Structure formats: C-alpha cells, structure tokens
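Next come the chains, spelled out residue by residue.
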Amino acid sequence: MVYPFPVPGDQVRLAYRELHIAVNGTEDEQKALGNHTLLPRPWEPATCLDPALRHDLWQWLEEVVIWLNHDYTWDVAGLIPNCWPLHPHLVHEIAALADQRRRAGLAKTSDALEEWHRYCLPAFADRMRNRLRAHCDDEHTRWPGRPRHNEHIAETNAHRREDAFALDVDALPASRHTRDQQEPPGQPRFGLVDLDTGEIRDDKFDPGAEPRTRTQKGPRV
C-alpha cells in the first residue's frame, strides 16, 4: 500500500556518518575529521563538492521526489514538477525536506515523524505552490524573474548600491571618530623626549611650541 522512504547511496550515508561522528564521536575521532565546518552536509547540496557524493545526492533526491509525488500527493496541484532540478528554490527545499524525513524515520518514537507530517511537508507544499503557481504545469517555464535579476546585478546598479553602503558606513559615529583621530599623511603620531632634560617636544613637532617638562607628578608646561 505504501513505499518505503528511499535510502541514500553509499556516499551520502558516509557524509551522514561523518557528521554523526563530529557530534557524538570520541575526541580522537572528531580530530581525525579535520575542520568540521568543511564537512559536506547533504541538506545543503552546495557543500557536497565531491563528484561521487554529489551524484549520489542527486539520485537520492530524485527518488525522494518520486516517493513524495506517489505517496503524499493526490491532487495534481501538489505534485513536485519533473523540472525540479531547474528550480534552485526547490532544490534547496527538497534537500532539507528529505533530510528532515530521514531523521524522523530514525527516531525511537513517532513524535518527529508526526511533526514532519504536520509542519514540514505542508509548509513545503504551500511554498512550492506560491512560488511556482501554474508556470510549470505542462512544461518547464523559464524563470520569470530573470530580467529583474539581471538588472539587479548590472554593473551600474551594483555600483549605486556600493556607494549607498559606503555612505551609510561613513555616517556611523565610530567612523567619524576614527577619521578625526587620524593624522594627516606624512606627520608623526608621537613626540620626542629629551633624555637629558626630560623635555617633551610638541607632538606635531611645531618648531615654535614651548617644551613641556615631566616631573614625578606628571607633565607641566
């Protein structure tokens, strides 16, 4: 009556095993993994840089999509379109959805799975319908937002935003204080002390400035 949740391939399972060790392994096991921030995370496909791992991940997500469409969709409006790999927003969401379902299936109670049914899956379906609408019902439609996106990243508009960012940073009190404390280029930022008399020359080396003499109680003019 129902199909089992797809099992990921060897490379994806290895990635999950390393993540498990990073959290629950011994100190030596954790050190052997190297920098934990560089470990691939299957719920974030962009972190899976090994070709074999990336291939296994796509195969697993494709099986998850087929499973979702068969076991969890009745009306065609809820079907994940067959062009899902061409929609970055779906790739991100399906990867996270698959990971959450995998974790729920490994739990010792049904609580996590009930939450997946109650929150994760319906929320994903709602977001998918709101973003896709009817654009890909019959065949894949090119991204309607592409012209706006290209306009956003155009060089002229990018420079305009960078100028706005710079003006905002310069307007901060800390920025003004830092600017005020900076000496003009080429001028020293310290004074000279006469080791024989203890006289302290003016910080800016003004030839007309009178020297200050240090005493035990501090400098005096």
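Because the structure is a prediction, the values reported are computed rather than measured.

Caption draft 1: How the structure looks around the overall build of the protein chain. The secondary structure content of the protein chain amounts to eight helices and three strands. Secondary structure elements of the protein chain, listed N to C terminal, follow the sequence α-α-α-α-α-α-α-α-β-β-β. Split into buried and exposed, the 221 residues of the protein chain put 25% on the buried side. A separation of at least 24 residues holds for 47% of the contacts in the protein chain among residues at least 6 apart in sequence. Summed over all atoms, the accessible surface of the protein chain reaches about 16600 Å², with 54% contributed by carbon and sulfur.

Caption draft 2: Spotlight on helix α5 (residues 111-132). With 22 residues, α5 should reach 32 Å at 1.5 Å per residue; the first-to-last C-alpha distance of 31 Å fits that figure. A bend of about 35° at His-117 is the largest found in α5. Along α5, the positions that sit buried rather than exposed are Trp-116, Leu-121, Phe-124, Ala-125, Met-128 and Leu-132. In this structure, the buried residues of α5 make contact with α3 (51-71) and α4 (88-106).

Caption draft 3: The packing of α3 against α4, seen in detail. Close contact between α3 and α4 brings their axes to 10 Å; oriented N to C, the two are set at 80°. One finds that α3 runs roughly perpendicular with respect to α4. Contact residues: α3 offers Trp-58, Trp-60, Leu-61, Val-64, Val-65, Trp-67 and Leu-68, while α4 offers Val-91, Ile-94, Ala-95, Leu-97, Ala-98, Asp-99, Arg-101 and Arg-102. Considering only residue class, the contact of α3 with α4 consists of twelve nonpolar, no polar and three charged.

Caption draft 4: Quick peek at the packing of aromatic side chains. The full count for this structure, using the stated rule, is seven aromatic pairs. Judged by centre distance (5.1 Å) and plane angle (80°), the ring pair of Phe-5 and Trp-67 falls under edge-to-face. Highlighted residues: Phe-5 in the segment before α1 (10-24) and Trp-67 in helix α3, separated in sequence by 62 residues. Of the two residues, Phe-5 and Trp-67, neither departs from the other in class, the shared state being buried. A connected cluster of aromatic rings, assembled from ring pairs, spans Phe-5, Tyr-16, Trp-43, Trp-60, Trp-67, Tyr-72 and Trp-116. The ring of Trp-116 carries Arg-101 above its face, with NZ or CZ at 5.8 Å from the centroid. A cation over an aromatic ring shows up here: Arg-102 above the ring of Tyr-16, its NZ or CZ 3.5 Å from the ring centre.

Rules behind the numbers
- Residues numbered from 1 in each chain as written.
- Predicted model: local features only at pLDDT ≥ 70, side-chain atom pairs only at ≥ 80, totals over all residues.
- Heavy atoms only, no water.
- Helix = DSSP H or I, 4+ residues; strand = E, 2+ residues; numbered from the N terminus.
- Buried < 20%, exposed > 50% of the residue type's maximum accessible area, 1.4 Å probe, protein only.
- Contact = heavy atoms within 4.5 Å.
- Areas by Shrake-Rupley, 256 points an atom, 1.4 Å probe, with all protein chains shown as cover.
- Expected span 1.5 Å × (residues − 1).
- Bend = angle between axes of the 7 residues up to and from the residue.
- Axes fitted to C-alpha atoms, helices over the stretch in contact; angles between N-to-C directions.
- Parallel < 35°, antiparallel > 145°, perpendicular 65-115°, else oblique.
- Nonpolar A, V, L, I, M, F, W, Y, C, P; charged D, E, K, R; others polar.
- Phe/Tyr/Trp six-rings, centres within 6.5 Å; stacked < 30°, edge-to-face > 60°.
- Lys NZ or Arg CZ within 6 Å of the ring centre and 35° of its normal.

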